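Listed below are the residues making up each chain.
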Amino acid sequence: MTTAPWRDPALPASVRVDDLLSRMTLEEKTAQLYGVWVGADTDGEGVAPHQHDMTSDYDWDELITLGLGQITRSFGTAPVEPGLGAQALARAQRQIAAAGRFGIPAVAHEECLAGFTAWQATAYPVPLAWGASFDPELVERMARRIGEDLRAAGVHQGLAPVLDVVRDPRWGRVEETIGEDPYLVGTIGTAYVRGLESAGVVATLKHFAGYAASAGARNLAPVRAGVREFADITLPPFEMALREGGARSVMAAYTETDGVPASADPGLLTRLLRDEWGFTGTVVADYFGIGFLETLHRVAGSHAEAAHAALLAGIDVELPTVRCYGTPLLTAVRAGEIPEELVDRAARRVLLQKCELGLLDEDWAPEPTAPLDLDSAENRALARRLAEESVVLLDNPDGLLPLSPDTRIAVVGPRAADALAMLGCYSFPSHVLTHHPGVPAGIEIPTVLEALRAELPDAKVTFAQGCDTSDPDTSGFEEAVARAAEADVCVAVLGDRAGLFGRGTSGEGCDASDLSLPGVQAELLDALVATGVPVVLVLLTGRPYALGRWQGRLGAAVQAFFPGEEGGPAVAGVLSGRVNPSGRLPVSVPHVPGGQPWTYLQPPLGLAGEVSNLDPTPLYAFGHGRSYTTFEWVPDRRDEDVAITTDGTYDVSVTVRNTGDREGAEVVQLYLHDPVASVTRPDMRLIGYQRVHLPPGAAARVTFRFHPDLSAFTDRTGHRIVEPGALELRLAASSTDIRHTTHVTLTGPQRAVGTDRRLHCETEVSEVP
């Protein structure tokens, strides 16, 4: 028997796919352009916006006779034992292959924002904690493990990472982001992409683009970002993750910018993404995003018009289920209302990706080859290390921390004894198990209370909850204050409860009106401070909250951003001193709850000044974090004036020495200040960083190779340029803690830069005697 060319793995993928497309009917090609969400609830509370009114019933056996593009969340819809889930997915894939003429399986996708969103799978720290670690190498290792678990279970595509840059911390999905700086988001996000892709899993960049800049921080609200904000803050992380990470998929954002929904924007999804950036992978819709063109955006009058707009823009796959790309699309193409070439274009991209994944090969087999352990000891060790590196010591003015091993400790607060306090809204227990009461979490999640008792076995530890996370009831205050008054120190564990669409204080659709601590937690903290007993504030949150109310009144303050299943021991380790804190803030912590939104990327008029009575200066700045040891910084060069051409390079070096008595990690940060430019620029912006771990007395030289491409910005004509003139390169421990400044003058002509420009700052670390 002669093998058809499309089955021949020796041929180029493009040749194979062209041969296959030539054999397919319109119906079969269209079937490659949508997914099916098996088991999705059509009633009640969902895990996707408008799930209850956008999901409809279908006949599985009839649907798969034409083939199928994707299978949606076989593991992430309901609790299923991983081994049984993998077998069920394999059976479904065999059914799909057997039902269609060509035997092509579907791409199986899952959420993997903070780990594989499956029952009994490791719940890692959320992306905001990745940002706090300032450790791309560790994030890449974590992502590789996530990818290996996904592939072992039969999953081909992961719907992560989120590369949205925080523009307003009141937005509910801040916990899903990496931070408020595009360079930090880009480098950490690119590391995640490399890790996931190295395991053979398709990484999906989301949400492309502008989603986090929604007006008023409301989920899905219109985006009113200007051209330069969009080009210089929103887009760079995506470009970096595509060019340097090799991501093979992009998810279109729900939002619209200046009246054009992303899902219907060919300028964004085709001209920029493909024609300028050279992207060749697949663009997928955010869940129901194509249908929203009709129902929410009202730029389409029917399912078919929504399908036409999305296909024309460049969306190849409708997710999570078929609504517009099915019968409405077929009917419109048959009627000549939609060109069949648009279907062919999208189908070719989908099939090319399936070819890359081995799904067109005759020896394809979906069955798992080994037993599944989705929460292995290796996974937990990675989760623990990342959690430990991400905890930020905000303040410790009198050295109250570490706690004495035999002290009397009152642990108080609604987040102290709740395992879910560790998890973000896309972890399986928070995302899915809330709909399945009585089902155990499936993984061990020590609480802060449990971990602290284990960490300090000789301490006398008492506990009182005090209040709920968001409930106004204050009846528990009396007991909480009594426990605190009896103790030598009070550890107040406060923060967020992750949820979806108003069912939590942080998470998708859980936007905040201001940055006050949720519920009556602020009043509880006031009552604890009033006892006169030193209070250590521990925050387990998905966003920063205003802490100026307690400035100078706390014994210490510790910030953790949903640190995952090993977060309890990580926080307890910081409190006991076993862990020397080394996390740095990926988002600013404000003084007051109002006067927002604000991030540190502000031009002069966005800073404090005489033009307004509101002072947006943060209490704790981007990049801030303290340690239990001390570091001395000595710049290798003390020359203050350097001239290089607009396409030259200059090395900025600093020697960092651990001058304390215990090992620790310093995060050396390099910022750019542009004193005069042809358009307003952020007063400071991060262009490089390096995490350096040092034993006591040890030193290392950190060298940043500055290239003027890192100073590029979008000018008044919409072109990206390197502009000659004066710059300042600032070595700093945070965006406000500047240790040394080098004045650099760029000489020569203005230079236009494109997609070949340098996106990251080369960094080298060398030992120093």
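Here the structure is shown first, and the text comes after it.
Every value quoted in this text rests on a predicted model; they were computed, and no experiment measured them.

Draft legend 1. Spatial organisation of the packing of aromatic side chains. Under the definition given, this model contains 15 aromatic pairs. Here the aromatic rings of Tyr 600 and Phe 622 are separated by 4.6 Å at their centres, their planes lie at 5°, and the arrangement is stacked. Separated by 22 residues along the polypeptide, Tyr 600 in the loop between helix 21 (567–576) and strand 16 (631–635) and Phe 622 in the loop between helix 21 and strand 16 bring together distant segments of the chain. Between Tyr 600 and Tyr 671 the ring centres are 6.2 Å apart and the planes differ by 90°, which places this aromatic pair in the edge-to-face class. With Tyr 600 in the loop between helix 21 and strand 16 and Tyr 671 in strand 19 (residues 664–673), the pair connects residues that are 71 residues apart, well separated along the chain. The pair formed by Tyr 600 and Tyr 671 is uniform in burial state, with each residue classed as buried.

Draft legend 2. Layout of unusual backbone geometry. Look at the link from Lys 206 to His 207: it is a cis peptide, with omega at 5°. On the secondary structure map, His 207 appears in strand 5 (residues 202–208). Between Phe 208 and the following residue, Ala 209, the backbone shows a cis peptide bond with an omega angle of 0°. Assignment of secondary structure puts Ala 209 in the loop between strand 5 and helix 9 (227–234).

Draft legend 3. Looking closely at the sheet that holds strand 22 (residues 713–714). If you trace the three strands from one edge of the open sheet to the other, you get 22-23-26, paired in antiparallel fashion. This sheet does not close on itself; its edge strands, each paired only once, are strand 22 and strand 26 (751–752). With two bridges connecting them, strand 23 (residues 720–722) and strand 26 associate as antiparallel partners. Among the inter-strand pairings, Val 722 is bridged to a residue of strand 26, identified as Arg 751.

Definitions and limits used
Residues numbered from 1 in each chain as written. Predicted model: local features only at pLDDT ≥ 70, side-chain atom pairs only at ≥ 80, totals over all residues. Heavy atoms only, no water. Phe/Tyr/Trp six-rings, centres within 6.5 Å; stacked < 30°, edge-to-face > 60°. Helix = DSSP H or I, 4+ residues; strand = E, 2+ residues; numbered from the N terminus. Buried < 20%, exposed > 50% of the residue type's maximum accessible area, 1.4 Å probe, protein only. Pairing = 2+ DSSP bridges.

No statement about biological role is implied by the geometric values presented.
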